[in-house]
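Structural description and commentary
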Amino acid sequence: MRCADVRRPLGLSLVLAVVLAAALPAAALDVLLLSPRSGQPAFGFVEVKAEVLSSEAVAEVVFRVDGEVKARLTEPPWSLQVDVGHDNVGHSFEVEVRDATGATAKATAASVAVQVDEQIDLELQQLYVTVTRRGGYDLSLDQGSFRVEDDGRRQQIVTFERGDAPLTAMLLVDTSDSMRGERLQTAIEGAEVFLYGLRDLDEARLTLFSDRRIHGTAFANSADDATYGLRAAAADGGTALNDHLYYALRLLDGRQGRRVVVVLSDGIDTDSLLSADDVRWAARRSQAMIYWIRLRDPREPGTFSSSWRSREQHADELQTFARTIDESGGTVYEIDDVGGAAEAFRAILTELRSQYVLGYYPSQNLDDGAWHSVRVGVRGRNVRTRDGYIDY
């Protein structure tokens, strides 16, 4: 069930707007809050949608959720998606419109908590699902098209979104010694493609790393803030991929929304204290998807060693890293040189804009720290999502 899905016959909103506008005085201003509806529960990503009726130009439409300003829009569509979380509580929604004359109008709605006879400690599991058919993304499916199994048990889908849900992204760009000069600038330009593709409710943080952090920004929903100071960075040192990926996953644990890590690296870790198994442990306890833009290295796994690991250990590390990415629901984009980074970043952003978000409460919740296997199926389609989660 989509949390804020208002279904009307085609053209009804337009007819309603015309009728109401005709009934208003020439200088009247009004606003309707179409979704969410008062008296209904709201969980996860909720679409807040308004319809503005005005004989004057609209100067600004402000959306507030629980008293906090979430968006200020100056042109239609008058809508946004906001993550209200998964606590069983009510929420307040308000839209305020101001026209060119300074006149204002407001509309409000209030969601309610689900009433239960007994308090049950269940955690909503959210799955970000990529569906493809004949090589392209398929966003034509409805909720009934999906089958979700948790440890082999069929689950009831309680939240459903398609398309673009807000995201929180960590970008990790390998800037070790091998990335000196033009290679580093090309890699940065690739990351900028992703950052400048972010939307109002998205946020991102960028880290350039080698055997230490070379450059980093705070989480920001402005690409200018997320890229500030990048051009002054210089490549240097070895590669501590495991350490920085582990840190990124732990940082994302405290963020809301769809969490993503995008790594640009050859994947050859020469300096981390942590192992790929440590990263896999963190990834299994996280809801984050991991995408790897892999710079192909001419050396084959098993042909090189470092002060930390033998040839065989390096080969095992690469295999574990790839398995971790697959389990998270992400994927690997192979590029022959750093010149392909921009296209890879763009492809990942396109995929993220083309996913479904499914939510369910597990029918069996033991809080025993065990791994729960998750499977999502759609007839006649290729489906990719995370493999499971830790029950705790």
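The present account deals with the structure reproduced in this document. Quick caveat: nothing in here was measured; it's all calculated off a predicted structure.

1. A short note on the overall build of the protein chain
The helix and strand inventory of the protein chain stands at seven helices and 22 strands. For the protein chain, the share of sequence-separated contacts (at least 6 apart) that also reach a separation of at least 24 residues comes to 75%. Summed over all atoms, the accessible surface of the protein chain reaches about 18600 Å², with 47% contributed by carbon and sulfur.

2. Re the nonpolar core
One finds L171, F194, V262, L264 and F345 to be the most contacted residues of the largest nonpolar core, which totals 40 residues. Only β13 (167-174), α2 (182-195), β14 (203-209), α3 (223-226), β16 (258-265), β17 (289-295), β18 (332-335) and α7 (341-352) provide two or more residues apiece to this core. Excluding residues within four positions of it along the chain, F345 makes contact with L171, A187, G190, A191, F194, V262, L264 and I293. In terms of nonpolar packing, the next biggest core, distinct from the first, is built from 23 residues, F63, W78, V95 and A109 among them.

3. Description of empty space enclosed by the protein
By the definition in use, this model includes three cavities of 30 Å³ or more. Each pocket or cavity is described by its volume, and for the largest cavity that value is around 60 Å³. For the largest cavity, the lining is made up of 10 residues, of which N242, G267, D269, E317 and L318 are closest to its centre. Among the elements that line the lining of the largest cavity, the one with the most residues is helix α6 (residues 311-328), at four residues.

4. Some details on the packing of aromatic side chains
Counted under the stated rule, the structure contains five aromatic pairs. Between F160 and Y356 the ring centres are 5.9 Å apart and the planes differ by 35 degrees, which places this aromatic pair in the tilted class. Of this pair, F160 sits in strand β12 (residues 157-162) while Y356 sits in strand β19 (residues 356-360), and the two are 196 residues apart along the sequence. Since its relative accessible area comes to 0%, Y356 is described here as buried.

5. A short note on the pattern of salt bridges
By the definition in use, this model includes 19 salt bridges. Here R180 makes a salt bridge to D236, at a shortest N to O gap of 3.2 Å. In this pair, R180 is assigned in the loop between β13 and α2 and D236 in the loop between α3 and α4 (241-252), connecting sequence segments 56 residues apart. By relative accessible area, which is 29% here, D236 ends up partly exposed. A salt bridge links R212 to D236; its shortest N-O distance comes to 2.7 Å. Residue R212 is found in the loop between β14 and β15 (213-216), and its partner D236 is found in the loop between α3 and α4; the two are separated by 24 residues along the sequence. Taken together, the shared-partner salt bridges in this structure form one network comprising D177, R180, D211, R212 and D236.

6. A word on the layout of surface pockets
Where empty space is left can be seen by rolling a probe of water-molecule size over the atoms. Space inside the second largest pocket adds up to approximately 570 Å³. Listed by contribution, the elements that provide at least two residues to the lining of the second largest pocket are β4 (68-73), β5 (79-83) and β13. Class assignment for the residues of the lining of the second largest pocket results in eight nonpolar, seven polar and eight charged.

7. Observations concerning the environment of S54
Locating S54 in the fold gives a position in strand β2 (residues 45-54). Residue classification places S54 among the partly exposed residues on the basis of a relative accessible area of 29%. It is 6.1 Å that separates the C-alpha atoms of S54 and A28, two residues lying 26 residues apart in sequence. A distance of 2.9 Å separates a polar atom in the side chain of S54 from the backbone oxygen of E56.

8. Examining the sheet that holds β16
Read across the open sheet, the six strands follow the order β15-β14-β13-β16-β17-β18; overall the sheet is mixed. Two strands bound the open sheet, and with one partner strand each, they are β15 and β18. Within the sheet, the average angular offset between the axes of one strand and its neighbour, ignoring direction, is 15 degrees. Pairing between β14 and β15: three bridges, direction antiparallel. Along β15, the bridge assignment pairs L208 with H215. Contacting β13, β16, β17 and β18, α7 crosses the sheet at an angle of about 160 degrees to β17.

Definitions and limits used
- Residue positions are given per chain, counted from 1 along the sequence in the order it is written.
- pLDDT decides what is reported in this predicted model: residues at 70 or higher carry local features, side-chain atom pairs at 80 or more are listed and counted, and totals for whole chains, interfaces and linings draw on all residues regardless.
- Excluding hydrogens and water, the side-chain values take into account all heavy atoms of the structure.
- For the purposes of this entry, the term helix denotes a DSSP run of H or I that reaches at least four residues, the term strand denotes a run of E that reaches at least two, and both are numbered from the N terminus.
- For this analysis, residues touch if any pair of their heavy atoms sits within 4.5 Å.
- Each accessible area is a Shrake-Rupley estimate made with a 1.4 Å probe; only the visible protein chains count as cover when residues are assessed.
- To form a nonpolar core, buried Ala, Val, Leu, Ile, Met, Phe, Trp, Tyr and Cys residues must be joined to one another through side-chain atoms within 4.5 Å.
- Here's how the labels work: a residue is buried when its accessible area is under 20% of the maximum for its type, exposed when over 50%, partly exposed in between, all with a 1.4 Å probe on protein chains only.
- Method remark: on a 1 Å grid restricted to protein atoms, a set of points is classed as a cavity if a 1.4 Å probe fits but cannot get out and as a pocket if it is open with protein on both sides within 12 Å along at least five of seven lines; lining residues have an atom within 4 Å of a point.
- Grid points are joined across faces, edges and corners, and a volume is the space filled by probe spheres set on the points.
- Between the rings of Phe, Tyr and Trp (Trp by its six-membered ring), a pair exists once the centres lie within 6.5 Å; its type follows the angle of the planes, with under 30 degrees stacked, over 60 edge-to-face, and the other angles tilted.
- Any Lys or Arg side-chain nitrogen located within 4 Å of an Asp or Glu carboxyl oxygen qualifies as a salt bridge.
- Following the grouping adopted for this structure description, the nonpolar residues are Ala, Val, Leu, Ile, Met, Phe, Trp, Tyr, Cys and Pro, the charged ones are Asp, Glu, Lys and Arg, and the polar ones are all others, Gly among them.
- Pairs of N or O atoms within 3.5 Å make up the polar contacts considered here, provided that, within protein, one atom can donate a hydrogen while the other can accept it, and that residues adjacent in sequence are counted only when both atoms are side-chain atoms.
- Strand pairing requires that DSSP identify at least two bridges connecting the strands.
- Angles here are taken between N-to-C directions and fall from 0 to 180 degrees, while the axes themselves are lines fitted to C-alpha atoms, restricted in helices to the stretch in contact.

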